[in-house]
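Results of the structural survey
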Amino acid sequence: MVAIHVKRAFKYRFYPTDTQAAELSRTFGCVRKVYNLALQARTEAWTLRQERVSYNATSAMLTAWKKTEELAYLNEVSSVPLQQTLRHLQGAFTNFWTKRAKYPTFKSRKKSRRSAEYTSSAFRYRNGRLTLAKMAEPLAIAWSRPLPQGARPSTVTVSQDAAGRWFVSLLCDDRPTMPPPVHPAVGIDAGITSLVTLSTGEKITNPRHERKDRERLAKAQRDLSRKAKGDGANRAKARLKVGRTYARITDRRRDFLHKLTTRLVRENQTIVIEDLTVRNMLKSRTLARAISDASWSEMRSMLEYKAHWYGRDLVVVDRWFPSSKLCSACGTLQPKMPLNVREWTCDCGTTHDRDVNAARNILAAGLAVAACGDGVRPQRSTPGGQSLMKQEVVPPQRTRAAAQL
């Protein structure tokens with residue numbers, strides 16, 4: 001198998017000195033200020049004069065802002081992160097014009113992500129030591145894993161999360177490789193009790209990371225709600241405690257999903273999943289919390305880019321395919337299959353585990369889709385009045401074909 005060339009980000013935690021932390025905090029504030037000023041200028045230009053302001057125009061505005069007495073402090077930080085935030089704003093507008101995202105919003109000092117991006121002209125990387133512009137000493141990075149052999153970072157992104165931890169992400173050229181797969185294909189049915197059920201019959205239990213820390217999170221949020229609003233030290237400490245609890249949940253969930261998706265990609269050449277409408281599912285008042293904790297969307301995203309990296313095939317089956325109601329042995333379609341039915345017996349005498357049967361049907365449908373040369377079925381919106389749960393209703397025009405899979 002030939003390794004493909006990709007841009008890959010390697011993220012590490014680092015521990016800045018007081019001087020470095022102060023410099024980075026100033027940079028974060030300046031990045032946020034420039035972004036908001038440019039967004040305001042572009043919004044006013046369109047609202048008042050029907051004019052579109054380009055990136056070059058906002059770059060010229062930045063030069064003018066630096067010369068004013070009010071914004072002279074922008075000269076104290078590296079100019080590269082400020083230019084990069086203007087490029088990010090241009091990208092946000094491009095996504096809005098092409099209808100891939102909503103209109104850009106202003107960055108909040110308390111709620112927005114604290115980050116700054118440096119290009120190669122604003123940092124120095126030598127012998128495993130990274131030094132940013134305006135800093136005399138290199139960052140104390142905890143190298144948890146090595147960079148690819150001979151890799152040179154093209155961009156560096158520094159960030160601080162809600163828990164107060166500092167991270168640096170290095171974007172490098174890489175050629176990821178993986179041993180040949182063990183199995184030709186596998187079907188995956190996503191669930192809540194079992195996070196995934198494989199067509200082989202294996203079930204992987206959902207760790208429910210949010211449920212395990214729910215009491216700790218609720219207590220931290222209650223403590224925060226009792227603190228007076230403002231910039232007091234006690235409220236800042238309470239907010240940091242909430243952030244650390246969220247970070248604990250997120251880190252454990254992401255670590256589990258990385259290990260699971262890497263294993264699936266390593267062992268199988270073709271992976272078949274279902275196109276679930278997670279956004280609509282989250283509207284359910286009874287299951288929204290459990291679905292959010294399962295992070296099906298994040299798992300699918302990981303499967304997509306890892307399959308691309310390692311030359312695997314990811315097939316997505318249409319969300320309307322009746323995977324649970326279809327007998328994987330004889331193809332008989334059951335008229336109803338309530339969510340509380342976990343095992344059922346077909347008229348042919350075969351007894352099915354609901355999730356295993358669904359995974360096997362998903363695999364069969366995915367292999368049929370792949371054989372026809374259509375890797376991903378088209379997205380379809382949920383019709384009005386239909387259940388917001390996993391759709392298992394077959395449109396009339398496809399009932400006969402689906403029953404034969």
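Residues numbered from 1 in each chain as written. Predicted model: local features only at pLDDT ≥ 70, side-chain atom pairs only at ≥ 80, totals over all residues. Heavy atoms only, no water.

The name an unreviewed UniProt entry gives the chain is Putative transposase, with Kitasatospora kifunensis as the organism.

An order of β2-β6-β7-β1-β5 is seen for the five strands of this open sheet, with the pairing classed as antiparallel. The two strands at the open ends of the sheet, each matched to only one other strand, are β2 (114–119) and β5 (141–142). Its contacts with the sheet place helix α1 (residues 18–49) against β1 (6–14), β2, β6 (155–160) and β7 (166–174), and it is angled at close to 95 degrees to β2. (Pairing = 2+ DSSP bridges. Helix = DSSP H or I, 4+ residues; strand = E, 2+ residues; numbered from the N terminus. Contact = heavy atoms within 4.5 Å. Axes fitted to C-alpha atoms, helices over the stretch in contact; angles between N-to-C directions.)

Below, the discussion takes up the domain arrangement of the chain. One widely used convention gives an interface's size as the accessible area the parts lose upon coming together. Parsing the chain into structural domains produces domain 1 (6–174) and domain 2 (185–206 + 253–372). The straight-line distance from the C-alpha centre of domain 1 to that of domain 2 is 38 Å. (Domains from an automatic or database assignment.)

This next bit is on the UniProt feature "domain: Cas12f1-like TNB" (unreviewed entry) in the chain. UniProt feature "domain: Cas12f1-like TNB" (unreviewed entry): in the numbering of this structure it lies at residues 296–362. Helix makes up 34% of residues 296–362 and strand makes up 16%, while its end C-alpha atoms are separated by 16 Å. (UniProt positions renumbered as here; feature names shortened; annotations may be inferred.)

As a further point, take the nonpolar core. Ranked by size, the top nonpolar core spans 43 residues in total, and within it Leu24, Leu130, Leu132, Val158 and Val168 carry the most contacts. A per-element tally of this core places α1 first, with 10 residues. Apart from the residues within four sequence positions on either side, valine 168 is in contact with Phe10, Lys11, Tyr12, Phe14, Leu130, Ile141, Val156, Thr157 and Val158. (Core = buried A, V, L, I, M, F, W, Y, C linked by side-chain atoms within 4.5 Å. Buried < 20%, exposed > 50% of the residue type's maximum accessible area, 1.4 Å probe, protein only.)

With that settled, the discussion passes to the environment of serine 284. Mapped onto the fold, serine 284 is located in the loop between α7 (278–281) and α8 (288–294). Looking at serine 284, the relative accessible area reads 12%, which means it is buried. Residues serine 284 and valine 53 lie 231 residues apart in sequence; the distance between their C-alpha atoms is 41 Å. Polar side-chain contacts of serine 284 include one of 3.4 Å to the backbone nitrogen of leucine 287. (Polar contact = N/O pair within 3.5 Å; in protein donor to acceptor, adjacent residues only side chain to side chain.)

With that settled, the discussion passes to the packing of α1 against helix α2 (residues 55–66). Contact geometry of α1 with α2 gives a least axis separation of 11 Å together with a crossing angle of 120 degrees. With respect to α2, the element α1 is oriented oblique. Crossing hand, α1 versus α2: right-handed. Seen from α1, the contacting residues are Val34, Leu37, Ala38, Ala41 and Arg42; seen from α2, they are Tyr55, Thr58, Met61, Leu62 and Trp65. Among the residues forming the contact of α1 with α2, the class breakdown is eight nonpolar, one polar and one charged. (Parallel < 35°, antiparallel > 145°, perpendicular 65-115°, else oblique. Left-handed = near helix turned anticlockwise from the far one by under 90°. Nonpolar A, V, L, I, M, F, W, Y, C, P; charged D, E, K, R; others polar.)

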